[in-house]
Amino acid sequence: MFFYYLDLAWRSIKKTPMLSALMVMAISIGIGITITTLNIYKMMSINPAGEKSSQLYAVQLWSQGPDTWDRFDSQITYQDGFNLLRSEVPTYQTSMFRTGGAVQTDDPNLLPAMQSVRVTNNDFFQLFAIDFQYGQAWDDSVDTSPRYEVVLSDELNQTLFAGKNSVGKTVYFNAKAYQVVGVLKPWAPSPNYHDLNNGSFGESDKMYVPYSLAPIEEYQSWGNTNGWNYESVDTYAKRLTSEKHWTQYWVQLDTPAQVEEYRQWLNNYIEQQKKLGRFTSPKAAAQFLDVAQWLDFNKVVPKDNKILVGLSSLFLLVCLVNMLGLLLSKFLRRAPEIGVRRAIGASQGQIFAQHMVEVSLMGLLGGLLGLGWAWGSLLLLTKKFELQASLTHLDASMWVIAPVIAIVAAILAGIYPAWRVCTTNPSVYLKSQ
């Protein structure tokens, strides 16, 4: 019976091509706009940490003085980061910041290029579960006894060494020679949850150097530096001991007991710093948030995006109202035909089901066309407004969501017109034949 109704629906669409095309176009535009905003919202809402989301924590310290910031800052001072590394509670922990500079190799044909570089320790790679395609991270000893070693991203290795195994090769960072000890597999979390200070959806780092080299090489921060009081930081040594917030700190805590133990360790650290004359605010405390809480704290998904999704849904509703009017006009024009079918035995339920199949078919066509509109809109946003490709990539789930929304919406719009036509009195039309 379904295929019979489907055949009738297709014949009906072909009988009124312009009217049917208008309805398909109306719902496709509504679906296109809805899927575009929904896709961007979904891509921004992804938790990139996956199964480790509840084990990774960003550490924050209320180290500012009284009457200054009224919230935890997303970064901590270098000296706090240095001190927190002494804790033996976390499974893995890392203090880090973003820097950058000119990178080149011994190849004279390869011009130096500015690259984003992350200064961190070797726990970074295990904490964020980053896999290596060649080599490995530098040894633990490098974090206490600095050596000029470096880990390359897959992208930079492609640029410098054509993607070949470059372990043991030399790269020059700001004219200083570093030995390559590892090359990562492609790793580009979106959003960049490990360092949201440099843009939630910016490009990932291209190279990683030991944190222990920072005091020696005096790497400049390429991220935000926040200060709550005036300090003269005219030398790098003063910057390292200042109260400026410019480093990020992450820990991995695997069990609730470990979480509680680390909370107590941080409380003891705060009391210790108070005795040293720091952490003078009565609100001095520590806070550590898992990845989902961290993304929410930093408002990675702006409230504006939720409003846009709501507005696009309202636009889809307007399209459906228009479709309802067109369906009502189309179905009532067929009332004499329906009257004859009722007179020869077709029930109201069969007439209603036939029209529901027809609106579902138009909804499906509108959904597929709407996917095309959404794909084109995302492509336009990428090229004209330079949005990150990670945000404008059409998620695979939309290929299912769009047709489902379109069919459901079309059915909702078609219920009233189908009910009107199936409840008409057939005798009225039989008398007019």
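Here, every reference points to the structure presented above.
What you are looking at is a predicted structure, and each value in this text was computed from that prediction instead of being measured. (Residues numbered from 1 in each chain as written. Predicted model: local features only at pLDDT ≥ 70, side-chain atom pairs only at ≥ 80, totals over all residues. Heavy atoms only, no water.)

1. Quick look at a nonpolar patch on the surface
1) Next: On the surface, a nonpolar cluster with roughly 490 Å² of combined accessible area is contributed by Met25, Ile29, Ile33, Phe315, Leu369 and Trp373.
2) Next: Counting residues per element, the nonpolar patch draws most heavily on helix α2 (residues 17-45), at three residues. (Patch = residues over 30% accessible without salt bridge, like charges linked within 9 Å, V, L, I, M, F, W, Y side chains within 5 Å. Areas by Shrake-Rupley, 256 points an atom, 1.4 Å probe, with all protein chains shown as cover. Salt bridge = Lys/Arg side-chain N within 4 Å of Asp/Glu carboxyl O. Helix = DSSP H or I, 4+ residues; strand = E, 2+ residues; numbered from the N terminus.)

2. Some details on the nonpolar core
1) Next: Residues Phe128, Trp250 and Met323 are the most contacted members of the largest nonpolar core, which totals 66 residues.
2) Next: Judged by nonpolar contacts, the second largest core, of 24 residues, contains Val117, Leu152, Leu156 and Leu160. (Core = buried A, V, L, I, M, F, W, Y, C linked by side-chain atoms within 4.5 Å. Buried < 20%, exposed > 50% of the residue type's maximum accessible area, 1.4 Å probe, protein only.)

3. A short note on the packing of aromatic side chains
Centre distance and the angle of the planes are the two values used to describe a pair of aromatic rings.
1) Next: Under the definition given, this model contains 30 aromatic pairs.
2) Next: Ring centres 6.5 Å apart and planes at 75° place the aromatic pair Tyr236 and Trp246 in the edge-to-face group. On the criterion of sequence distance, the pair formed by Tyr236 in helix α7 (residues 236-240) and Trp246 in strand β10 (residues 245-252) is long-range, its members being 10 residues apart.
3) Next: Take Tyr236: its relative accessible area is 7%, and that puts it in the buried class.
4) Next: What links up through ring pairs into an aromatic cluster is the set Phe124, Phe125, Phe128, Phe132, Trp138, Trp187, Tyr193, Tyr208, Trp250, Trp294 and Phe297.
5) Next: A cation over an aromatic ring shows up here: Arg239 above the ring of Trp246, its NZ or CZ 4.3 Å from the ring centre. (Phe/Tyr/Trp six-rings, centres within 6.5 Å; stacked < 30°, edge-to-face > 60°. Lys NZ or Arg CZ within 6 Å of the ring centre and 35° of its normal.)

4. Overview of the pairing of strand β3 (residues 92-104)
On a regular strand, one side chain projects to one face of the sheet and the next to the other, so that they alternate.
1) Next: Where β3 and β10 come together, five bridges link them in antiparallel fashion. Opposite Thr94, over in β10, you have Trp250 as the bridge partner.
2) Next: Sheet topology note: the β3/strand β4 (residues 113-120) ladder contains seven bridges and is antiparallel. Following the sheet pairing, Gly100 is matched in β4 by Ser116.
3) Next: Where β3 and strand β7 (residues 170-173) come together, two bridges link them in antiparallel fashion. Residue pairing for β7: Val103 is matched across the bridge by Phe173. (Pairing = 2+ DSSP bridges.)

5. Comments concerning the environment of Phe82
1) Next: Counting through the fold element by element, Phe82 comes out in helix α3 (residues 78-84).
2) Next: On the basis of relative accessible area, Phe82 is assigned to the partly exposed category, the value being 43%.
3) Next: On a C-alpha basis, the gap between Phe82 and Val357 in space is 67 Å, while along the polypeptide they are 275 residues apart.

6. Here we look at unusual backbone geometry
In terms of backbone geometry, most residues other than glycine have negative phi values and most peptide bonds are trans.
1) Next: Put simply, Ser190 and Pro191 share a cis peptide bond, and its omega is 5°.
2) Next: Tracing the backbone through its elements, the reader meets Pro191 in the loop between β8 (176-184) and β9 (207-210).
3) Next: Not every positive phi belongs to a glycine, and Asp67 is a case in point at roughly 60°.
4) Next: Among the secondary structure elements, Asp67 is positioned in the loop between β1 (56-61) and β2 (76-77).

7. Section: the pattern of salt bridges
1) Next: For the structure shown, the criterion picks out 16 salt bridges.
2) Next: One salt bridge in this structure joins Glu243 and Arg278, with 2.7 Å as the shortest N-O distance. Of this pair, Glu243 sits in the loop between α7 and β10 while Arg278 sits in the loop between α8 (256-275) and β11 (286-290), and the two are 35 residues apart along the sequence.
3) Next: The exposure class of Arg278 is buried, given its relative accessible area of 11%.
4) Next: Residues participating in the shared-partner salt-bridge network are Arg98, Arg118, Asp195 and Asp205.

8. Side note on the side chain of Arg334
1) Next: Structurally, the position occupied by Arg334 is in the loop between α10 (303-333) and α11 (335-343).
2) Next: At a separation of 3.1 Å, a polar atom in the side chain of Arg334 contacts the side chain of Glu358.
3) Next: With sequence-adjacent residues up to four places away left out, Arg334 is seen in contact with Ser12, Gln354, His355 and Glu358. (Polar contact = N/O pair within 3.5 Å; in protein donor to acceptor, adjacent residues only side chain to side chain. Contact = heavy atoms within 4.5 Å.)

9. Here's the deal with α8
1) Next: Counted at 1.5 Å a residue, the expected span for α8 with its 20 residues is 28 Å, and the 29 Å between its end C-alpha atoms agrees.
2) Next: Taken together, the buried positions of α8 are Gln258, Val259, Tyr262, Leu266, Tyr269, Ile270 and Gln273. Projected down its long axis, α8 shows its buried positions confined to an angular sector of 115°, all on one face. Opposite the buried face of α8, at more than 90 degrees from it, the exposed residues are Pro256, Ala257 and Lys275. (Expected span 1.5 Å × (residues − 1). Arc of directions from axis to C-beta.)

10. A look at a positive patch on the surface
1) Next: Together, Arg71, Lys299, Lys303 and Lys306 give the surface a local cluster of positive charge.
2) Next: When its relative accessible area of 48% is taken as the criterion, Lys306 is described as partly exposed. (Lys, Arg positive; Asp, Glu negative; His and termini not counted. Charge placed at Lys NZ, Arg CZ, Asp CG, Glu CD.)

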